[in-house]
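# Geometric and topological summary
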Amino acid sequence: MKRRGVYLLLGALMFSLLLVGCGSEQSNTVKKQIIGIDPGAGLMKATGKAITEYQLKDWELVEGSGAAMTAALTKAYENKEPIIITGWTPHWKFSKYDLKYLEDPKKVFGEAEDINTIVRTDLKKDHPVAYALLDSFHWEPADMESVMVAIQEGKDPKVAAQEWVKNNEDKVDKWLTDLQPVSGEKITLAYVAWDSEIASTNVVAVALEKLGYQVELSQVEAGPMWAGIASGDADAMVAGWLPTTHADYYQEFQGKFEDLGANLEGTKIGLVVPSYMEISSIEDLNK
Ligand code: PBE
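Since the model is a prediction, treat every value here as computed from it, not as a measurement.

## Considering the site of the ligand
Ile37, Ala41, Gly42, Leu43, Trp88, Trp194, Ser196, Glu197, Trp241, Thr245, His246 and Ile269 make up every residue found near the ligand. Separating an oxygen atom of the ligand from a backbone N or O atom of leucine 43 is a distance of 2.8 Å. One nitrogen or oxygen atom from the side chain of histidine 246 is found 2.7 Å from an oxygen atom belonging to the ligand. Protein burial of the ligand: of its 280 Å² of free accessible surface, 100% is covered by the chains. Among the elements of the structure, helix H2 (42-53) and helix H10 (195-210) are those that each provide at least two residues to the shell around the ligand. Tallied by class, the residues present in the shell around the ligand amount to seven nonpolar, four polar and one charged.

## Some remarks on the pattern of salt bridges
This model, assessed by the stated rule, comprises 10 salt bridges. Between arginine 120 and aspartate 126 there is a salt bridge; the shortest N-O distance is 2.9 Å. What makes arginine 120 buried here is its relative accessible area of 12%. Residue classification places aspartate 126 among the partly exposed residues on the basis of a relative accessible area of 37%. If you follow the salt bridges from partner to partner, you end up with Arg120, Asp126 and Asp235 in one network.

## Re the nonpolar core
By size, the foremost hydrophobic cluster in this structure holds 93 residues, and its most contacted members are Trp139, Trp175, Leu208, Tyr213, Trp226 and Leu285. Sort the elements by how many residues they give to this core and H10 lands first, with eight residues. If near-sequence neighbours (up to four positions away) are discounted, tryptophan 139 is found in contact with Met144, Val147, Trp164, Trp175, Ala199, Ser200, Val203, Asn263 and Leu264.

## Remarks on unusual backbone geometry
In the segment running from threonine 89 into proline 90, the intervening peptide bond is cis, with an omega of 5 degrees. Positionally, proline 90 belongs in the loop between strand S3 (85-89) and helix H4 (93-96). Each neighbour pair has its own omega, and for leucine 242 with proline 243 the value is 10 degrees, a cis peptide bond. Position of proline 243 relative to the elements: it lies in the loop between strand S8 (236-242) and helix H12 (247-253).

## Some remarks on the confidence of the model for the protein chain
Note: predicted coordinates in regions of low pLDDT should not be interpreted at a detailed level. In this model, the protein chain carries an average pLDDT of 92, and 90% of its residues clear a pLDDT of 70 or more. For the stretch residues 15-28, pLDDT sits under 50, and the model shows zero contacts to residues farther than four places along the chain or on other chains.

## Details of the side chain of threonine 188
Tracing the sequence through the fold places threonine 188 in strand S6 (residues 186-191). Leave out the neighbours within four places in its chain, and threonine 188 touches Glu216, Ser218, Ala234, Asp235 and Ala236.

## Overview of the packing of aromatic side chains
Under the definition given, this model contains 11 aromatic pairs. For the pair tyrosine 250 and phenylalanine 257, a centre-to-centre distance of 5.0 Å together with 65 degrees between the ring planes defines the contact as edge-to-face. Positioned above the aromatic ring of tyrosine 249, the side-chain terminus of lysine 45 is 4.0 Å from the ring centre. Its end group placed over the ring of tryptophan 88, lysine 93 keeps NZ or CZ at 4.4 Å from the ring centre.

## A short note on the packing of helix H7 (residues 141-152) against helix H8 (residues 157-167)
It is the contact of H7 with H8, at a shortest axis distance of 9 Å, that shows an interaxial angle of 140 degrees. The angle between H7 and H8 places the two elements in the oblique class. Once H7 is placed against H8, the crossing between them reads as right-handed. In this structure, H7 uses Asp143, Ser146, Val147, Ala150 and Ile151 to contact H8, whose residues at the interface are Pro157, Ala160, Ala161 and Trp164. By residue class, the composition of the contact of H7 with H8 is seven nonpolar, one polar and one charged.

## Some thoughts on the environment of valine 192
Relative to the helices and strands, valine 192 resides in the loop between S6 and H10. Classification of valine 192 as buried rests on a relative accessible area of 3%. Taking the C-alpha atoms as reference, valine 192 lies 7.2 Å from methionine 225; in sequence the two are 33 residues apart. Not counting the four nearest positions on each side in its chain, valine 192 is found in contact with Asp38, Glu197, Ile198, Val220, Glu221, Ala222 and Met225.

Procedures and definitions
- All residue numbers refer to positions counted from 1 along the written sequence of the respective chain.
- The predicted nature of this model means local features are confined to residues of pLDDT at least 70 and side-chain atom pairs, given and counted, to a pLDDT of 80 or more, with totals for whole chains, interfaces and linings taken over all residues.
- Calculation of side-chain values draws on the structure's entire complement of heavy atoms; hydrogens and water are dropped beforehand.
- One heavy atom suffices: a residue is near a molecule or strand as soon as one of its heavy atoms comes within 4 Å of it.
- Any pair of nitrogen or oxygen atoms within 3.5 Å is treated as a polar contact; in protein, a donor-acceptor pairing is required on top of that, and neighbouring residues in sequence qualify only through side-chain atoms on both sides.
- We get accessible surface area from the Shrake-Rupley algorithm with a probe of 1.4 Å; when it comes to residues, only the shown protein chains can shield them.
- Where helices and strands are cited, they refer to DSSP runs of H or I of at least four residues and of E of at least two residues respectively, numbered from the N terminus.
- Three classes are used, and their members are as follows: Ala, Val, Leu, Ile, Met, Phe, Trp, Tyr, Cys and Pro are nonpolar, Asp, Glu, Lys and Arg are charged, and the others, Gly among them, are polar.
- Put simply, a salt bridge is a Lys or Arg side-chain nitrogen that is within 4 Å of an Asp or Glu carboxyl oxygen.
- Type-normalised accessible area, obtained with a 1.4 Å probe on protein chains alone, sets the label of each residue: buried when under 20%, exposed when over 50%, and partly exposed for intermediate values.
- By convention a nonpolar core is built from buried Ala, Val, Leu, Ile, Met, Phe, Trp, Tyr and Cys residues, the set being connected through side-chain atoms within 4.5 Å.
- A contact between two residues is defined here by any heavy atoms of the two lying within 4.5 Å.
- A residue's pLDDT is simply how confident the predictor is in it, with values from 0 to 100.
- Pairing of aromatic rings covers Phe, Tyr and Trp, the last through its six-membered ring, and needs centres within 6.5 Å; plane angles under 30 degrees mean stacked, over 60 mean edge-to-face, and all others mean tilted.
- Our definition puts a charge over a ring when NZ of Lys or CZ of Arg is within 6 Å of the ring centre and also within 35 degrees of the ring normal.
- A fitted line through C-alpha atoms serves as each axis, taken over the contacting stretch for helices, and the angle formed by two N-to-C directions is quoted from 0 to 180°.
- Any angle that falls under 35 degrees is termed roughly parallel, while one over 145 is termed roughly antiparallel, one within 65 to 115 roughly perpendicular, and all others oblique.
- Here is the rule for handedness: rotate from the far helix to the near one, and if that takes an anticlockwise turn smaller than a right angle the crossing is left-handed, while a clockwise turn gives right-handed.

Okay, structure coming up:
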């Protein structure tokens, strides 16, 4: 009787060890997932292309949003778990976490790009002062990143933008040189809820407000953002990633907008992982 009890106990113990073993084995298996963002983003199209060109057959690109992507990154990072995200620079995630781009030997994600300011065709005629400001708006990746970090740390985007404008008078004054304020004319800026564009759009809105404009921010998806400028529903946007990331949109609406050129140089997009992961190239995902 006694002996049987010991065997039963041993049996139960082995069974539970087996269960624990299975459990940990499961959590160690890397899910073949790339954590994406909103489906309209050029980065998502580029990632789809990368999946084809690097033959990442059983890999899934998960659609979501910029916010869902950074939430997944934060969770994985805190637990030192593997994660692969669609990433871009400038972005606060690189100052908060130790991350790396996976090498892209096939150059699917393109080279460094610019962010361009795109306005509706009649903006110069209808709002010459806003047009002139938008035309001279230009800043550096570090500027954009500092606004992004402030927002990520909990500041309201508008407040973060106001503070940046206040602390960078020299830069902002250059955008405003020789411009005569208006009184209460309305300007609509279209943007997508990407952290980089939340930062830039709010800063431009604050600068326009300094000139007396009443600025409305219209948050939309990437396609509608370009379409909105082309149709004249929105006046301007500062979120055209070119020449590669938004190439499709640029072509689709060509002739129906005015391109005021780069407001920032030196962006990058690609697949990003925490530095604690051992892989270094997109090609490693196939191993
Ligand atoms: N992004 C940020 C955008 C442009 C700005 C890289 C996520 C895109 O992929 O379209």
